[in-house]
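These are the residues of each chain, in order.
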Amino acid sequence: YVKPFQASRFLVSNAEFADFVSAGGYGDTQWWCDEGWSWVSQSGSSAPRFWRWDEGKWLLRTMTGEQSMPWDWPVEVNNLEAMAFCRFKAVETGHPVRLPTEGEFNLMRDSIPTDIQDSAHGPAWDRGAAPANIALEYWASTSPIDHFVNQDGIGDVMGNLWQHSVTNFDV
């Protein structure tokens, strides 16, 4: 059973995350859990790993090279950065903001075909018709956050990039 919840329609874009970076989010302990602040302090990070500041503008390193920042693509961050951004966004908006649980994520994802074979999560998609940017079927890097939208109006419920959850897993 998954309790009722609300979710953002889209993943966090590079443009949205840039507000966190510009506000000094990587230098402000209030956004970070202890583990996150330890990571920031040890890594010296001041922006996502694949962002590079060059001559007054941000560039993004992708699988195929560097390019001007695609502001409408999802930001690629680790779980600690994602949680810090949620804390920042909660204060900015005055509303609770957190990562989804694994159950919430699965509920959103299960509204579309989720595999190249039938599974407990739904029917297979046709070869060459993946419902997301997955298995390099469309691009070698991520795609705009509003390109793949499910029947509930939520974008990128699978594929495109690694997505984070508040659910702890023993690995």
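Right above here is the structure, for reference.
The present account deals with the structure reproduced in this document. Everything quoted here is computed from the prediction, not taken from an experiment. (Residues numbered from 1 in each chain as written. Predicted model: local features only at pLDDT ≥ 70, side-chain atom pairs only at ≥ 80, totals over all residues. Heavy atoms only, no water.)

**A few points about the pattern of salt bridges**
Taken as a whole, this structure holds five salt bridges when the rule is applied. With a closest N to O distance of 3.3 Å, Lys-89 and Glu-16 form a salt bridge. One end of the pair, Lys-89, is in helix α3 (residues 79-93); the other, Glu-16, is in helix α1 (residues 14-22), and 73 residues separate them in sequence. Put simply, Glu-16, Lys-89 and Glu-92 are held in one network by salt bridges that share partners. (Salt bridge = Lys/Arg side-chain N within 4 Å of Asp/Glu carboxyl O. Helix = DSSP H or I, 4+ residues; strand = E, 2+ residues; numbered from the N terminus.)

**Observations regarding the environment of Asn-168**
Tracing the sequence through the fold places Asn-168 in the segment after α4 (102-109). Look at Asn-168 and you get exposed, because its relative accessible area is 74%. Each C-alpha atom of the pair Asn-168 and Tyr-26 lies 24 Å from the other, and the pair is 142 residues apart in sequence. (Buried < 20%, exposed > 50% of the residue type's maximum accessible area, 1.4 Å probe, protein only.)

**A closer look at the sheet that holds strand β3 (residues 65-68)**
The sheet built from three strands is open, its strands ordered β1-β2-β3 with antiparallel pairing. Of all strands in the sheet, those bounded by a partner on one side alone are β1 (51-54) and β3. For this sheet the average axis-to-axis angle between neighbouring strands, irrespective of direction, equals 35°. As paired elements, strand β2 (residues 57-62) and β3 share four bridges and run antiparallel to each other. When the bridges of β3 are listed, Arg-61 appears paired with Glu-66. On top of the sheet, α1 reaches β1 and β2; it is set at about 70° to β1, its chief contact. (Pairing = 2+ DSSP bridges. Axes fitted to C-alpha atoms, helices over the stretch in contact; angles between N-to-C directions. Contact = heavy atoms within 4.5 Å.)

**Section: the environment of Pro-74**
Mapped onto the secondary structure, Pro-74 falls in the loop between β3 and α3. Relative accessible area serves as the criterion here: at 2%, Pro-74 is assigned to the buried category. For the pair Pro-74 and Phe-17, spaced 57 residues apart in sequence, the C-alpha to C-alpha distance is 9.0 Å. Ignoring sequence-local partners within four residues, the contact set of Pro-74 consists of Leu-11, Val-12, Ser-13, Asn-14, Thr-142, Ser-143, Ile-145, Asn-160 and Leu-161.

**Let's talk about α1**
When we look at burial in α1, the residues that qualify are Asn-14, Phe-17, Ala-18, Phe-20 and Val-21. The buried residues of α1 occupy an angular sector of 155° when projected down its axis, which confines them to one face. Packing partners of the buried residues in α1 comprise β1, β2 and α3. One or two steps after α1, the chain reaches Gly-24, where phi turns positive at roughly 80°. (Arc of directions from axis to C-beta.)

**Topic: the nonpolar core**
In this structure, Phe-17, Phe-20, Val-21, Tyr-26, Trp-32 and Trp-51 are the most contacted members of the largest nonpolar core, which totals 23 residues. Elements with a minimum of two residues in this core: α1, β2 and α3. If one sorts the elements of this core by residue count, α3 sits on top with six residues. If near-sequence neighbours (up to four positions away) are discounted, Trp-32 is found in contact with Phe-20, Gly-25, Tyr-26, Trp-37, Trp-39, Val-40, Leu-80, Glu-81, Ala-84 and Arg-87. Counting eight residues, the second largest nonpolar core, distinct from the first, contains Met-108, Ile-112, Ile-154 and Val-157. (Core = buried A, V, L, I, M, F, W, Y, C linked by side-chain atoms within 4.5 Å.)

**Focus on the packing of aromatic side chains**
Per the stated rule, a full pass over the model turns up 16 aromatic pairs. An aromatic cluster is built from Phe-17, Phe-20, Tyr-26, Trp-31, Trp-32, Trp-39, Trp-51, Trp-53, Trp-58, Trp-71, Phe-85 and Phe-88, whose rings are joined through pairwise contacts. (Phe/Tyr/Trp six-rings, centres within 6.5 Å; stacked < 30°, edge-to-face > 60°.)

**A few points about the pairing of β1**
With four bridges joining them, β1 and β2 adopt antiparallel strand pairing. Looking at the pairing, Trp-53 lines up with Trp-58 of β2. Between β1 and the antiparallel strand that follows it, β2, lie two residues; Glu-55 among them carries a positive phi value of about 50°.

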